[in-house]
Amino acid sequence: LRIRRPPRSTPLYSSAASDVYKRQVHGDPEIRVWDLNPNEDEFILMGSDGLFDKFSSQEAVSFVRHELKQMPYMEQDSHKVARLISQEALLKRNVKDNVTAMIIQLNRGVKNDQQQPHLIY
């Protein structure tokens, strides 16, 4: 979703400004619907168009999974990884748009092949 704000000289409460505001809202979201499987699905990544200007969907998921695997199982910090992918887009891939990323973990962590999950009985 891309939103451009009206010029600062135009008050937001005027009807002319809201008409301009409404005409400048553009969106071409990528939407998929599926049933979640808690045994297989690890996280949901939501991001603004600025993030996906430089990352394909698969690149972004691979980046997040790689960064989470670097952390101990059940101690993975999705907030930190969201900051890392945003910084990667802004600082290393030179995105000129705003970048927002949110990661919602669906289980206790992404399992690293070398890590065994801690079982709690």
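Every value quoted in this text rests on a predicted model; they were computed, and no experiment measured them. (Residues numbered from 1 in each chain as written. Predicted model: local features only at pLDDT ≥ 70, side-chain atom pairs only at ≥ 80, totals over all residues. Heavy atoms only, no water.)

**Examining the side chain of glutamate 88**
Step number 1: Structurally, glutamate 88 can be placed in helix α4 (residues 78-92).
Step number 2: With residues near it in sequence (within four places) discarded, glutamate 88 still touches Phe55, Phe63 and Arg93. (Helix = DSSP H or I, 4+ residues; strand = E, 2+ residues; numbered from the N terminus. Contact = heavy atoms within 4.5 Å.)

**Focus on the environment of glutamate 88**
Step number 1: On the basis of relative accessible area, glutamate 88 is assigned to the buried category, the value being 16%.
Step number 2: Expressed as a C-alpha distance, the spacing of glutamate 88 and leucine 51, which sit 37 residues apart in the sequence, is 9.2 Å. (Buried < 20%, exposed > 50% of the residue type's maximum accessible area, 1.4 Å probe, protein only.)

**Here's the deal with the nonpolar core**
Step number 1: Membership of the largest hydrophobic core comes to 18 residues, with the highest contact counts inside it found for Phe43, Leu45, Leu51, Phe55, Val64, Ile85 and Ile103.
Step number 2: Among all residues touching valine 64, those that are not within four sequence positions of it are Phe43, Leu45, Val81, Ile85 and Ile103. (Core = buried A, V, L, I, M, F, W, Y, C linked by side-chain atoms within 4.5 Å.)

**Here's the deal with a nonpolar patch on the surface**
Step number 1: Judged by side-chain polarity, Trp34, Leu36, Met46, Met102, Ile104 and Leu106 come together as a nonpolar surface patch covering roughly 550 Å² of accessible area.
Step number 2: Residue position: leucine 36 is located in the loop between β2 (25-26) and β3 (43-47). (Patch = residues over 30% accessible without salt bridge, like charges linked within 9 Å, V, L, I, M, F, W, Y side chains within 5 Å. Areas by Shrake-Rupley, 256 points an atom, 1.4 Å probe, with all protein chains shown as cover. Salt bridge = Lys/Arg side-chain N within 4 Å of Asp/Glu carboxyl O.)

**Some points on the confidence of the model for the protein chain**
Step number 1: Summary statistics for the protein chain give a mean pLDDT of 79 and a share of 69% for residues scoring 70 or more.
Step number 2: Per-element confidence in the protein chain ranges from a low mean pLDDT of 44 for strand β1 (residues 2-3) to a high of 96 for α4.
Step number 3: In the predicted structure, residues 1-6 sits below a pLDDT of 50 and forms 22 contacts with residues beyond four places in sequence or in another chain.
Step number 4: Below pLDDT 50 for its whole length, residues 115-121 participates in ten contacts with residues either more than four positions away or in separate chains. (pLDDT = per-residue confidence, 0-100.)

**Observations concerning α4**
Step number 1: Across its 15 residues, α4 extends 20 Å between first and last C-alpha, which sits within 8% of the 21 Å expected from 1.5 Å per residue.
Step number 2: For α4, every residue scored as buried is listed here: Ser78, Val81, Ala82, Ile85, Ser86, Glu88 and Ala89. Along α4, the residues classed as buried sweep out an arc of 150° about the axis, all on the same side. In α4, those exposed residues whose orientation departs by more than 90 degrees from the buried face are His79, Leu91 and Lys92.
Step number 3: Of the surrounding elements, those touching the buried residues of α4 are α2 (49-52), α3 (57-69) and β4 (101-105). (Expected span 1.5 Å × (residues − 1). Arc of directions from axis to C-beta.)

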